Amino acid sequence: MKNKNLAIVIYGFLSWLLPFVFSFFFFSKSGTLSIDYDLFKSIMSVFGSGVGLYLLALYFKKFPKLKTPLREGLVVGLTWFVLNVVLDLLVLVKGFHMPLQTWVNGVGVRYLLIIVSSACVGWMFQKK
């Protein structure tokens, strides 16, 4: 994949899709959470962060000659943040009828880690 913008969108979608699919392992067939809520949120935070950081590393490895990696990290992070928020609002809030305030408190604020992580990875790739 040579198109950076396409890579950003595909990796951003995967950063949402993989944790979403993984989360189904923690719900019963009736749709109830089968483990403690706080444990679930912790597991999902670790899994989602791991997936995101792995995808960020792939992105920066795929495009090693970026002139401004820190700026690129911010662009990637902001794009992924928007993608994740929009997809969650469509699927979780609208589709699964999760109350908006519950989503903001339980997921939305944690999505700020996407921007922070991508900026840090971009900074690490900055040429000195």
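Use the structure listed above.
Note on numbering: residues in each chain are counted from 1, in written sequence order. The predicted origin of the model limits local features to residues at a pLDDT of at least 70 and limits the giving and counting of side-chain atom pairs to 80 or more, whereas totals for whole chains, interfaces and linings rest on all residues. As a convention, hydrogens and water are excluded, and side-chain values are obtained from all of the structure's heavy atoms.

Q: Is there a simple way to explain the packing of helix H2 (residues 37–62) against helix H5 (residues 112–125) in this structure?
A: Interaxial angle, 0 to 180 degrees, is taken between N-to-C directions of lines fitted to C-alpha atoms, where a helix line uses only the stretch in contact. Numbered from the N terminus, helices here are DSSP runs of H or I no shorter than four residues, and strands are runs of E no shorter than two. At a minimum axis separation of 10 Å, H2 and H5 run at an interaxial angle of 35°. By crossing handedness, the relation of H2 to H5 is classed as right-handed. Contact residues: H2 offers Leu 53, Leu 56 and Phe 60, while H5 offers Ser 117, Ser 118, Val 121, Gly 122 and Phe 125. The handedness criterion is simple: a crossing whose near helix is rotated anticlockwise from the far helix by less than a right angle is left-handed, and one whose near helix is rotated clockwise is right-handed. Only heavy atoms enter the contact rule, under which two residues are in contact if any of them lie within 4.5 Å.

Q: What is the right way to read the packing of aromatic side chains from this model?
A: For any pair of aromatic rings, geometry is given as the distance between the ring centres together with the angle between the planes. When the centres of two rings from Phe, Tyr and Trp lie within 6.5 Å, Trp using its six-membered ring, the rings pair. Their planes under 30 degrees apart give stacked, over 60 give edge-to-face, and anything left gives tilted. Overall, the coordinates contain 13 aromatic pairs when judged by the stated rule. Ring geometry for Phe 13 against Trp 16: centres 6.2 Å apart, planes inclined by 35°, an arrangement best described as tilted. Residue Phe 13 and its partner Trp 16 are located together in helix H1 (residues 4–23), separated by 3 residues, close to a single helical turn. On the accessibility criterion, Phe 13 (35% relative accessible area) is partly exposed. Summarising the aromatic geometry, the rings of Trp 16 and Phe 20 are spaced 4.8 Å apart at their centres and angled 15° between planes, so their arrangement reads as stacked. With Trp 16 and Phe 20 both in helix H1, this residue pair falls 4 residues apart, about one helical turn. We call a residue buried when its accessible area falls under 20% of the maximum for its residue type, exposed when it is over 50%, and partly exposed in between, using a 1.4 Å probe and counting protein chains only. Phe 20 gets classed as buried once you look at its relative accessible area, which sits at 18%. Among the aromatic residues, ring-to-ring pairing joins Phe 22, Phe 25, Phe 26, Phe 27, Phe 40 and Phe 47 into one connected group.

Q: Help me understand the pattern of salt bridges, please; the structure alone is not making it clear to me.
A: Should their charged atoms come close, side chains of opposite charge can pair. In the sections that follow, a salt bridge refers to a side-chain nitrogen of Lys or Arg positioned within 4 Å of a carboxyl oxygen of Asp or Glu. Scanning the model with the defined rule gives 1 salt bridge in all. Residues Lys 4 and Glu 72 are paired through a salt bridge, measuring 3.3 Å at the closest nitrogen-oxygen approach. You can see Lys 4 sitting in helix H1 and its partner Glu 72 sitting in helix H3 (residues 69–95), a full 68 residues away along the chain. Residue classification places Lys 4 among the partly exposed positions, given a relative accessible area of 30%. Judged by its relative accessible area of 7%, Glu 72 is buried.

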